[in-house]
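Listed here are the chains, written in short residue letters.
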Amino acid sequence: MLSRLVFVSGKLYFLVQASRSLQTSSQSLAPVPPLPEKGGKTRHGIIPEELFQFLYPKTGVTGPYMLGTGLLVYMLSKEIYVINHETFVAASIGGVFIYAVKKFGPQVAAFADKLNEEKVAKAQEVKDLAMTSLTQAIEEEKKEQWRVEGRSMLFDAKRNNVAMILETNYRERLHMVTNEVKRRLDYQIALQDLHRRMEQEHMVNWVEKSVIGQHHTSAGEKESIAKCITDLKALAKATQAKATV
Amino acid sequence: MLCFPGALTQRRLGQVTLRELPDWLVLKSPRRPRDAIDMVQRGWQWYYRRYIDVKKGGVGGVAMLLAGYCVLSYVWTYPHLKRDRWRKYH
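Residues numbered from 1 in each chain as written. Chains lettered and ligands numbered in written order. Predicted model: local features only at pLDDT ≥ 70, side-chain atom pairs only at ≥ 80, totals over all residues. Heavy atoms only, no water.

## Brief notes about the overall build of chain B
Scanning chain B from N- to C-terminus turns up 3 helices and 0 strands. The helix and strand sequence of chain B, counted from the amino end, reads α-α-α. In chain B, buried positions account for 20% of the 90 residues. Here the analysis covers contacts within chain B between residues at least 6 apart in sequence; of these, 0% occur between residues at least 24 apart. (Helix = DSSP H or I, 4+ residues; strand = E, 2+ residues; numbered from the N terminus. Buried < 20%, exposed > 50% of the residue type's maximum accessible area, 1.4 Å probe, protein only. Contact = heavy atoms within 4.5 Å.)

## Considerations on the packing of helix H3 (residues 49-59) of chain A against helix H4 (residues 63-77) of chain A
Residues and elements named next belong to chain A. Between H3 and H4, the shortest axis-to-axis distance is 8 Å and the interhelical angle comes to 100°. Compared by their axis directions, H3 and H4 come out roughly perpendicular. Together, Phe-52, Leu-55 and Thr-59 of H3 and Gly-63, Pro-64, Tyr-65 and Leu-67 of H4 make up the contact between the two elements. Of the residues that constitute the contact of H3 with H4, the class distribution is 5 nonpolar, 2 polar and no charged. (Axes fitted to C-alpha atoms, helices over the stretch in contact; angles between N-to-C directions. Parallel < 35°, antiparallel > 145°, perpendicular 65-115°, else oblique. Nonpolar A, V, L, I, M, F, W, Y, C, P; charged D, E, K, R; others polar.)

## Structural notes on the interface of chain A and chain B
Taken together, the 36 residues of chain A in the interface contact 28 residues of chain B. Counting the surface lost from both chain A and chain B, the interface buries some 3,100 Å², and carbon and sulfur atoms represent 58% of this. Counting every contact that joins chain A to chain B gives 3 salt bridges. Glu-50 of chain A is the partner of Arg-50 of chain B in a salt bridge, and the nearest nitrogen-oxygen pair spans 2.3 Å. For the interface between chain A and chain B, the tally reads 13 residue pairs in polar contact (both at pLDDT 80 or more). Of all elements in the fold, only helix H1 (2-9), helix H2 (13-21) and helix H5 (85-149) of chain A reach the threshold of two or more residues within the side of chain A that touches chain B. (Buried area = accessible area lost by both parts, 1.4 Å probe. Salt bridge = Lys/Arg side-chain N within 4 Å of Asp/Glu carboxyl O. Polar contact = N/O pair within 3.5 Å; in protein donor to acceptor, adjacent residues only side chain to side chain.)

## Things to note about the UniProt feature "transmembrane region" (unreviewed entry) in chain B
Mapped onto the present numbering, the UniProt feature "transmembrane region" (unreviewed entry) falls at residues 58-78 of chain B. Annotated as residues 58-78 of chain B, this span is 90% helix and 0% strand, and its ends, taken at the C-alpha atoms, are 31 Å apart. (UniProt positions renumbered as here; feature names shortened; annotations may be inferred.)

## Here we look at the layout of surface pockets
Size it by volume and the largest pocket reaches roughly 1,700 Å³. Mapped onto the lining of the largest pocket, the elements with two or more residues apiece are H4 and H5 of chain A together with helix H3 (60-81) of chain B. Of the residues belonging to the lining of the largest pocket, the class tally is 26 nonpolar, 11 polar and 3 charged. (1 Å grid on protein atoms, 1.4 Å probe; cavity = no way out; pocket = protein on both sides within 12 Å on 5 of 7 lines; lining within 4 Å. Points joined across faces, edges and corners; volume = space filled by probe spheres on them.)

## Here's the deal with the packing of aromatic side chains
Inspection of the entire model under this criterion finds 7 aromatic pairs over all chains. Aromatic pair Trp-46 of chain B and Tyr-51 of chain B: ring centres 6.5 Å apart, planes at 85°, arrangement edge-to-face. Through pairs of rings, three or more aromatic residues link up here, namely Trp-44, Trp-46, Tyr-47, Tyr-48 and Tyr-51 of chain B. In this structure, Arg-43 of chain A packs its charged tip against the face of Phe-52 of chain A, placed 4.0 Å from the ring centre. (Phe/Tyr/Trp six-rings, centres within 6.5 Å; stacked < 30°, edge-to-face > 60°. Lys NZ or Arg CZ within 6 Å of the ring centre and 35° of its normal.)

## Quick notes on the side chain of Thr-87 of chain A
Residues and elements named next belong to chain A. Inspection of the secondary structure assignment puts Thr-87 in helix H5. Here Asn-84 takes part through its backbone nitrogen, which lies 3.0 Å from a polar atom of the side chain of Thr-87. Leave out the neighbours within four places in its chain, and Thr-87 touches Tyr-81 and Val-82.

## Let's talk about the pattern of salt bridges
All names here are of chain A. A complete count under the given rule lists 13 salt bridges over all chains for this structure. Of the charged contacts in the structure, one is a salt bridge between Arg-183 and Glu-180, with a shortest N-O distance of 3.3 Å. Of this pair, Arg-183 and Glu-180 both sit in helix H6 (residues 151-214), 3 residues apart, roughly one helical turn. Since its relative accessible area comes to 55%, Arg-183 is described here as exposed. Look at Glu-180 and you get partly exposed, because its relative accessible area is 31%. A salt bridge links Arg-184 to Glu-180; the shortest N-O distance between them is 2.9 Å. A residue pair is termed a helical-turn pair when its members lie 3 or 4 positions apart in one helix, as Arg-184 and Glu-180 do in helix H6 at 4 residues. Taking the relative accessible area as the measure of exposure, Arg-184 reaches 52% and is therefore exposed. Members of the salt-bridge network, linked through shared partners, are Glu-180, Arg-183 and Arg-184.

## Some points on unusual backbone geometry
Residue and element names in this part refer to chain A. A positive phi angle is found at His-44, which is not glycine, with a value near 60°. Summarising the element assignment, His-44 is placed in the loop between strand S1 (42-43) and strand S2 (47-48). With a phi angle near 55°, Glu-79 is a residue other than glycine that sits in the positive phi range. Inspection of the secondary structure assignment puts Glu-79 in the loop between H4 and H5. Using a relative accessible area of 6% as the deciding quantity, one classes Glu-79 as buried.

## Quick word on the packing of helix H2 (residues 33-52) of chain B against H3 of chain B
All names here are of chain B. Two numbers describe how H2 lies on H3: the axes approach to 8 Å, and their chain directions differ by 135°. Considering the angle they form, H2 stands oblique to H3. Every residue of H3 that contacts H2 at Trp-44, Tyr-47, Tyr-51 and Ile-52 is listed here: Gly-60, Gly-61, Met-64 and Leu-65.

## Some words on the nonpolar core
Membership of the largest hydrophobic core is limited to 6 residues, which are Trp-44, Tyr-47, Tyr-48, Tyr-51, Ile-52 and Met-64 of chain B. Tallying contributions element by element places H2 of chain B first for this core, with 5 residues. (Core = buried A, V, L, I, M, F, W, Y, C linked by side-chain atoms within 4.5 Å.)

Here it is, written out as structure tokens:
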């Protein structure tokens, strides 16, 4: 339990750091193997279990206890361990220590475990977040790769678009040319028509004026008009024959 | 009689017989100060990894260190504590 606190508070961490810095092997440290669940077993807190296992085949279960008692009695009787005022001090401190460990041990252990778990949960959260973001990135990458495959179709469509625009342009220009040419030709035709009409009207006016001026009598008007008409017809026939020739 | 692996150099303490113990001790003793430091470092690393650097440690890890400290300090101050002995002749 105390070691849990030590582990959490990291007081001995600098020693671990020192050991890690001395590692010069070329093997990589990751992934770090998980910590063992429980440490080496100890009986009564300070005697490793290995001693009991070592003495069990020869002396059974009570062997180490007898060994301990014998050693204690020997040291007391030969005064290798001297009883003085410090013995009582040590006994009191030992008693208080044992009482504190027995009473508050589980609580402190639970607290340290909770701290540990929070740390681990935070790290796990970060790791999970990183994993999800990376898998998402992988999926998007795959989607992009799929999109790339469709790029050739995109280019075909664009090419078709451009060709159509060019075609439309060309046709527009053709239309424009035709229209312009037709307009100019229509203008020339209208001009010619105007000329002929003007000549016709002028001739008619002149003929009317000269004919009416010459023949004042009303009796011979109809005759003269008929005569004029036949004359004109003959003239027209003559000019037509001349034109065809 | 258990058969132990060959060379004396490669055996650990649990595999050395009593007869070979002095030779083994001479063999394993540090020759340069650097070796002594390395031995201490390795010993501490073994102890740390076994009793302290675990997920659910007990009081044993630190308590054994304290007990060892108590014993060592008693051994070092024994010449002074000798004077408080109750018996005159032992």
